[in-house]
Amino acid sequence: MSSVLSIRNLTKIYRRSHLGRVTATMGVKSINLEIARGEIMGLIGPNGAGKTTTLKLILGLLNPTEGEIYLMDKKLPDSSVIQKVGFLPEVPYFPKNFSVEEVLYFYGRLSGIPDSKVRARADEVLALVRMSHRKTRMVRECSKGMLQRLSLAQALIHDPELLIFDEPITGLDPVGLNEMREMIVTLNKSGKTILFSSHIISEVERIAHRVGVMEGGEMVQTLSSDQWKGRPGHLEEIFVQTIHSRGGLAV
Amino acid sequence: MPLYRALPVLSLAALLTASTLLAYRMHKERVFPYPPFNELIFNISEKFQNLPSFSRPLGSEGGFRDFGGLLLGLRRLTADIAWLSVLQYYGSHEAAGHEEDHESRQAFGAGRYAALKDMVMRTVRLDPHFHFAYLYGAGSLAFNLDRYDEALELLQDGIQRNPNYWKFRLYVAAIVWKKKGEYDNMIPLLEEAIAYPDCPTLVKSSLANIHKARKNYARALQIWLNVLETEHSDAVYRQQAEDQIGQLRGLLGL
Amino acid sequence: MKLSNILPLARYTFVGSFRSKIFLVLILFGVLLLLSSFLLSILGQEQEIRVLTDLGLASIEILALFTSIFLMVNLILEQIEQRTLYLVLTRSVSRAEYLLGNYFGTLAAIFACVVLMTLLHAGILLFKGWDIRAEGLVYFASVFTSFEKIVLVSALGLFFSIFSTSAVSALVFTIFLWISGHFAVELKFLAGRLEDGALKTLFKGIYYLVPHFHYLNARDIWISYSSQFGRMIAEGTLYTALYSAAALLLAHLSFRKKEF
């Protein structure tokens, strides 16, 4: 399998200066990761482990202090290749004064879909996330669940090859959780590569092909599903042991 | 540093240099057509410090408002507000000391209005191209209040700041003749002045009153009819014109 | 830089502005201001048209200024705070395109607001017997140069908001430049009165550096340079373009390495 995403020696140190005093905090340290095409990769770790920092570095919202990221063999930042990525943020934020379909047209246009095709494509993804009947609803009138679906729809509007989901299952009710799980599996079956972060290990265990365990900004361990498949709860055990062995926080 | 990385900084330097050079060129080619801010008249009310605050000329304490107007780039509007103060002052009943000037109750502009010239001057310091303010101020001072020197001072300032606006010279001549009491010389000049559309109604009414006093009722009537036709904004003048037309028609047996 | 990215961003910002309650309240306020100028100008008696013209032009400019400063200063900061920019910047939209799209969209909204108010004001003036053939050119040129000032001050507001990352300090800096830009010529005058030295150089330096808004006050200076009116407008427009481009470039330099 060819590599979709390749992270080499990625380090991020946050530097903040206040009144001439510079403080440095480690975000992530020497991360190396390869994600193959068609894979579902989960990043797990306690809060502050560096999961979101890693995702933001891939997306170009943060600049690496050291190291390189290659997306489909192109070194980031590269505006042509980032087009092939869809991002679902942890909390869906949309401007309130637009309707669901307007939001999708906008992101569709920004993703390079021509004006003549954007409406049809928006209808397709709205159907996929089961929001077709709500397309004229204003964002400010949407429930949290609807916003989550809209958020997913915007990530899919341009039919990206790699999907990056930041805590996609956090805060969902059991029905929403089930739907999201199914959606990730379905998208993967249709050929999408998925990288997501979560600290709900029981869910990660059910979806991911591989898992990266992060702690203190480092990628401590990479596990493949063979190591936990058929043994419910085993991933969580490995995770807790790993964190404890490094003297990290208990989950 | 590769060239493409330096490009934004180089472009910024080029843009800033070009805009500064353009500003320099604009500055060199044109004199800013207004007096500097230190020529603004800040304290008209200083002359009236001995009067209680309610007796000081209305609107004479707006120096800092004028300055604020300049800071916000609202020079003409600030001049207009100063002008409204002039009209308010000249149109109000003037109180001298603690006593009302009863004369001013009866006729518009019949008080003493000691600050009038200064208040007009304050307006035209803000906008020296406010020709009407000069004409109105000088006309009021000369033809209503018989303060010829102050009127001439105002007009001289106007001529100095607007050398191409020749009508000021016409008014100067008319005022000089009036000062000398030579009405026969003054009247033709005022007749010429009132023929222009920017002539204040005040000058027209003054000339009509002069004609009436000299028993030239027909010409006075014509002027008042013209006032009634052209003056739409000031109800006092319109009322005055209607009254005078009635009287003059009676005198002429019409 | 792709126009196909800038245009949707501009359109989206434009529509978003018109749907924001604050913007609509500002427009309503402007309309009320113009209607009240209708009453106030009556005090001007024979100079009613002049007072009405000046009051209206000033109202249009000040309202456009408030709208532009308010919108521009909050434009990016609000999107950072609400994280709505995540979903834009994680697409193939460069940061420069993002800034320009937002800037031009907001300017278009302000422009629409200025056009609306100008039409209303011109209507009131015509109703009052304004001689549009004699003064129309200067009037519309004044509105145009007023808008140029807004273009320029908006670029500065955008820069300060990104540079300082605080809406309050951006507001203060922008208003400071608005004032010093109008007062620039007086700074030059002050410099001329000083003996040679550091202060004189400083005043002169500030004079050449601050935006020369006084040269964009067509409503004030046209009377003295009526023969050069066309050239003044052209120079003012070029100056606005250069200065705004410099401010936008500064904004870009502050924004391009920003992390979210």
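Residues numbered from 1 in each chain as written. Chains lettered and ligands numbered in written order. Predicted model: local features only at pLDDT ≥ 70, side-chain atom pairs only at ≥ 80, totals over all residues. Heavy atoms only, no water.

Engineer: How would you summarise the interface of chain C and chain B if you had to cite specific residues and measurements?
Structural biologist: With 50 residues of chain C at the contact, the number on the chain B side is 52 residues. The largest share of the area that chain C buries against chain B comes from C:Glu46, C:Arg50 and C:Tyr215, three residues that together contribute 15% of it. Between the two partners, chain C and chain B, sit five salt bridges. Notably, a salt bridge pairs B:Arg25 with C:Glu235, separated by 3.3 Å at the nearest N-O pair. Listed by contribution, the elements that provide at least two residues to the side of chain C that touches chain B are α3 (48–81), α7 (167–193), α8 (198–209), α9 (218–221) and α10 (229–255) of chain C. When residues in the side of chain C that touches chain B are grouped by element, the largest group, 12 residues, is from α10(C). Split by residue class, the side of chain C that touches chain B holds 28 nonpolar, nine polar and 13 charged. (Contact = heavy atoms within 4.5 Å. Buried area = accessible area lost by both parts, 1.4 Å probe. Salt bridge = Lys/Arg side-chain N within 4 Å of Asp/Glu carboxyl O. Helix = DSSP H or I, 4+ residues; strand = E, 2+ residues; numbered from the N terminus. Nonpolar A, V, L, I, M, F, W, Y, C, P; charged D, E, K, R; others polar.)

Engineer: How would you summarise the interface of chain C and chain A if you had to cite specific residues and measurements?
Structural biologist: The partner chain A presents 30 residues to the 26 residues of chain C that form the contact. Around 2,700 Å² of area is buried between chain C and chain A when both sides are counted, 57% of it from carbon and sulfur atoms. Counting the surface chain C buries against chain A, the share from its top three residues, C:Tyr12, C:Leu87 and C:Arg91, is 29%. Scanning the region where chain C abuts chain A turns up two salt bridges. Here A:Lys12 ties to C:Glu259 by a salt bridge, and the two come within 2.5 Å at their closest N and O atoms.

Engineer: Could you give an account of the sheet that holds strand β5 (residues 74–75) of chain A, naming the residues involved and the relevant values?
Structural biologist: Residue and element names in this part refer to chain A. Read from one edge of the open sheet, four strands run β2-β1-β4-β5, paired in antiparallel fashion. Among the strands making up the open sheet, the edge pair consists of β2 (21–36) and β5. Bridging between strand β1 (residues 3–18) and strand β4 (residues 66–71) involves five bridges; their strand directions are antiparallel. What sits directly across from Ser6, in β4, is Tyr70. (Pairing = 2+ DSSP bridges.)

Engineer: Tell me about the domain arrangement of chain B, and name the residues and values.
Structural biologist: All names here are of chain B. The domains assigned to chain B are domain 1 (38–112), domain 2 (128–189) and domain 3 (200–254). Of the roughly 780 Å² buried between domain 1 and domain 2 on both sides combined, carbon and sulfur atoms contribute 59%. When the area that domain 1 buries against domain 2 is broken down by residue, the three leading residues are Trp83, Tyr90 and Arg112, summing to 60%. Between Glu39 and Arg161 there is a salt bridge, and its shortest N-O distance comes to 3.1 Å. Run the count over domain 1 and domain 2 and you get two residue pairs in polar contact (both at pLDDT 80 or more). For the side of domain 1 that touches domain 2, the per-class residue count stands at five nonpolar, two polar and three charged. (Domains from an automatic or database assignment. Polar contact = N/O pair within 3.5 Å; in protein donor to acceptor, adjacent residues only side chain to side chain.)

Engineer: Could you give an account of the nonpolar core, naming the residues involved and the relevant values?
Structural biologist: Within the largest apolar cluster, 163 residues are counted, with the highest numbers of intra-cluster contacts made by A:Ile164, A:Phe165, A:Leu195, C:Tyr98, C:Leu158 and C:Phe255. A:Leu195 has contacts with A:Leu5, A:Ile35, A:Met41, A:Leu43, A:Leu55, A:Ile58, A:Leu162, A:Leu163, A:Ile164 and A:Phe165, leaving out every residue within four places of it along the chain. Counting residues in each nonpolar core, the second largest holds 68 residues, with B:Leu40, B:Phe168, B:Ile175 and B:Ile194 among its members. (Core = buried A, V, L, I, M, F, W, Y, C linked by side-chain atoms within 4.5 Å. Buried < 20%, exposed > 50% of the residue type's maximum accessible area, 1.4 Å probe, protein only.)

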